[in-house]
Amino acid sequence: MLLFGLDLDYVAVVVLFCVGLYMLVAKSNLLKKLLGLNVMETAVFAFIVTAGMVEGGDPPIMVAGTSAPYASPIPHAMVLTGIVVAVSVTAVALALIVQIHAHFGTIEIDELKELP
Amino acid sequence: MRPWSLLLVLLVALPLVAGVATLPPHDAPDAPIHTQVGARYLERGVAETGMKNMVTAVLLNYRGFDTFIEVVVIFTALAAVLALPRGSAPLPRGSRPPPTGTGTIPEDASARRPREEEDPEVASDVPVSPVVRFVVRLLAPFMAMFALAMLFRGHITPGGGFQAAAVLAAVFIALGLVLGRNRAAQLVPVDWRPWLQGVAPLAFALVAWVGWRLTGAFLGYPIHDHTVQEAMGFVLEIAIAVGGGVILVRLFLEMEA
């Protein structure tokens, strides 16, 4: 579907990415920043998977009942890798946020800056 | 801060929009993504890997190194989380003025302590509604069965090791929330846990070694022996499901503690 000559699916991905980026830079709460990062990651995954789809495509599984054209298998495998990396990043960041909260009692960047 | 953030977002958005404007439509069959190496995988994948699910074939076979490092990444993430000091006392500096006088523990330190320390048996049991408790206990076997189905039917249906790992982890986390983490934790023997957490990288190393012995290439698959190929893939999928699931559960428990 086209919008002003742009592929609407890709535009949606860009919008999602920018929403995440805004959360990342504008929010002062560390958890919200992390959520923003996850939204950005989701946008990237959506972009890659969208790029791999084909008109009328079947899943790339060669069994009876599916037929060409198939969706490209590479984006799926890449996104699987990306999801695992996203989980790892989220886990380490959350652990650090828990530590920051335990040490300073706050996870607001503004308040953390004012600490002696 | 906010206007600058919006400006930055716009500065990022414009090149992105300009970039996607040059891409072929996302479902065009003649886009490069469908005509380059992806087409070759689809064409020869079954003959070369013996797998019917091409995503699995790309994941374990064509791009096996990628997946090997991937399971190492999530294992490393767990190691990093575990390496952080647990439940350490607050630093003397804080938002409140530091306590004066003797070296007693500041009052706010004990206040921030979770109750679990006093009574580990009722650990972190937020009161759960009976409805949630009933539904989770009712559905847990089916969720586990769904995970197993994704694992063992993953070669001919969408699914596979990572997906099964996510569902398995969800089962354990949901059970831990309604039953209390201690009862859920009893399901996995203590002695096994370190090995289960590392089972995915270990299995990859083992399979890579077997492939090296058989074909002379690290993580090589014997291209003409589909039985051996399937066995190697099967071992990897099970290891990914178990190892990934255990790591996810452990990560969750570390956050909670």
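Rules used throughout
- Here, residues in each chain are numbered from 1, in the same order as that chain's written sequence.
- Here chains are named by letter from A upward and ligands by number from 1 upward, in the order in which they appear as written.
- Local features in a predicted model are, by the rule used here, given only for residues with pLDDT of at least 70; side-chain atom pairs are given and counted only at 80 or more, and totals for whole chains, interfaces and linings are based on all residues.
- Under the scheme used here, helices are H or I runs from DSSP no shorter than 4 residues and strands are E runs no shorter than 2 residues, and both carry numbers assigned from the N terminus.
- Any residue with 12 or fewer other C-beta atoms within 10 Å of its own C-beta is exposed, any with 20 or more is buried, and the rest are partly exposed; the C-beta atoms used are placed from the backbone.
- A residue pair is marked as a contact if its C-beta atoms, positioned from the backbone, fall within 7 Å.
- As defined in this context, the radius of gyration uses C-alpha atoms, and a globule is described by 2.2 Å times the residue total to the power 0.38.
- What a helix should span is 1.5 Å times the count of its residues minus one.
- For this classification, Asp, Glu, Lys and Arg are treated as charged, while Ala, Val, Leu, Ile, Met, Phe, Trp, Tyr, Cys and Pro are nonpolar and the rest, including Gly, are polar.
- Any nonpolar core is a set of buried residues, restricted to Ala, Val, Leu, Ile, Met, Phe, Trp, Tyr and Cys, that join up through C-beta atoms within 7 Å.
- Lines are fitted to the C-alpha atoms to define the axes, a helix being fitted only along its stretch in contact, and any angle between axes, read from their N-to-C directions, falls within 0 to 180 degrees.
- Oblique is the label for any angle not covered by the other classes, which are roughly parallel (under 35 degrees), roughly antiparallel (over 145) and roughly perpendicular (65 to 115).
- Should the near helix be turned counterclockwise from the far one by less than a right angle, the crossing is left-handed, whereas a clockwise turn marks it as right-handed.

A. Structural context of the overall build of chain B. If you tally the helices and strands in chain B, you get twelve helices and zero strands. Ordered by position in the sequence, the α and β elements of chain B form the string α-α-α-α-α-α-α-α-α-α-α-α. By the burial criterion, 32% of the 257 residues in chain B qualify as buried. Look at the contacts in chain B between residues 6 or more apart in sequence, and 66% of them connect residues 24 or more apart.

B. Seen up close, the overall build of chain A. Counting its regular elements, chain A contains four helices and two strands. When its helices and strands are written in sequence order, chain A yields β-β-α-α-α-α. Radius of gyration (C-alpha) of chain A: 19 Å, far over the 13 Å computed for a compact globule of 116 residues. Dimensions of chain A along its principal axes, counting C-alpha atoms only, are 65 × 35 × 15 Å. Going through the 116 residues of chain A one by one, you find that 30% of them count as buried. Of the contacts formed within chain A by residues at least 6 apart in sequence, a portion of 46% connects residues at least 24 apart.

C. Highlighting the environment of Thr49 of chain B. With respect to the helices, strands and loops of the structure, Thr49 of chain B is situated in helix α3 (residues 37–49). When the 23 C-beta atoms within 10 Å are taken as the criterion, Thr49 of chain B is described as buried.

D. Just helix α1 (residues 8–26) of chain A, in detail. Its 19 residues give α1 of chain A an end-to-end C-alpha distance of 26 Å, which sits within 8% of 27 Å, the value for a rise of 1.5 Å per residue. Taken residue by residue, α1 of chain A has Tyr10, Val13, Val14, Phe17, Cys18, Gly20, Leu21, Tyr22, Met23 and Leu24 of chain A as its buried positions. Those residues of α1 of chain A hidden inside the fold are in contact with β2 (6–7) and α2 (30–52) of chain A together with α1 (2–21) of chain B.

E. Layout of α2 of chain A. For α2 of chain A, spanning 23 residues, the distance from its first C-alpha to its last is 34 Å, which sits close to the expected 33 Å at 1.5 Å a residue. Those residues of α2 of chain A lying buried are Lys33, Leu34, Met40, Ala43, Phe47, Ala51 and Gly52 of chain A. Elements that come into contact with the buried residues of α2 of chain A comprise α1 and α3 (73–104) of chain A together with α2 (32–35) of chain B.

F. Inspection of the interface of chain B and chain A at higher detail. Contact with chain B, which involves 53 residues of that partner, is made by 51 residues of chain A. Looking at the side of chain B that touches chain A, the elements with two or more residues in it are α1, α2, α3, α4 (54–62), α5 (64–83) and α12 (226–256) of chain B. Residues that form the side of chain B that touches chain A fall into these classes: 34 nonpolar, ten polar and nine charged.

G. Molecular detail of the nonpolar core. Of all hydrophobic cores here, the largest spans 60 residues; its most connected members are Val58 and Leu168 of chain B. Of all elements in the fold, only α3 of chain A together with α3, α4, α5, α7 (130–152), α8 (161–179), α11 (199–215) and α12 of chain B reach the threshold of two or more residues within this core. Among the elements that take part in this core, α12 of chain B stands out by supplying eleven residues, more than any other. Excluding anything up to four places from it in sequence, Leu168 of chain B contacts Ala147, Ala241 and Gly245 of chain B. Among the nonpolar cores identified, the runner-up in size contains 15 residues, and Cys18, Met23, Ala43 and Phe47 of chain A belong to it.

H. Focus on the packing of α11 of chain B against α12 of chain B. All names here are of chain B. At a minimum axis distance of 8 Å, the contact between α11 and α12 shows a crossing angle of 165°. One element, α11, and the other, α12, form an angle in the roughly antiparallel class. Our pair here, α11 against α12, has a crossing hand that is left-handed. From α11, Val199, Ala200, Ala203, Phe204, Val207, Val210, Gly211 and Leu214 reach across to α12, where they touch Val228, Met232, Val235, Leu236, Ala239, Ile240, Val242, Gly243 and Gly244. Grouping the amino acids of the contact of α11 with α12 by side-chain chemistry returns 14 nonpolar, three polar and no charged.

I. Region of the structure containing unusual backbone geometry. Unusually for a residue other than glycine, Leu219 of chain B sits at a positive phi of about 60°. When you line up the elements, Leu219 of chain B lands in the loop between α11 and α12.

J. Expanded view of the packing of α2 of chain A against α3 of chain A. Residue and element names in this part refer to chain A. At their nearest, the axes of α2 and α3 sit 10 Å apart, and the two run at 180° to each other. Taken as axis vectors, α2 and α3 run roughly antiparallel relative to one another. The residue inventory of the contact of α2 with α3, partitioned by class, reads 18 nonpolar, five polar and one charged.

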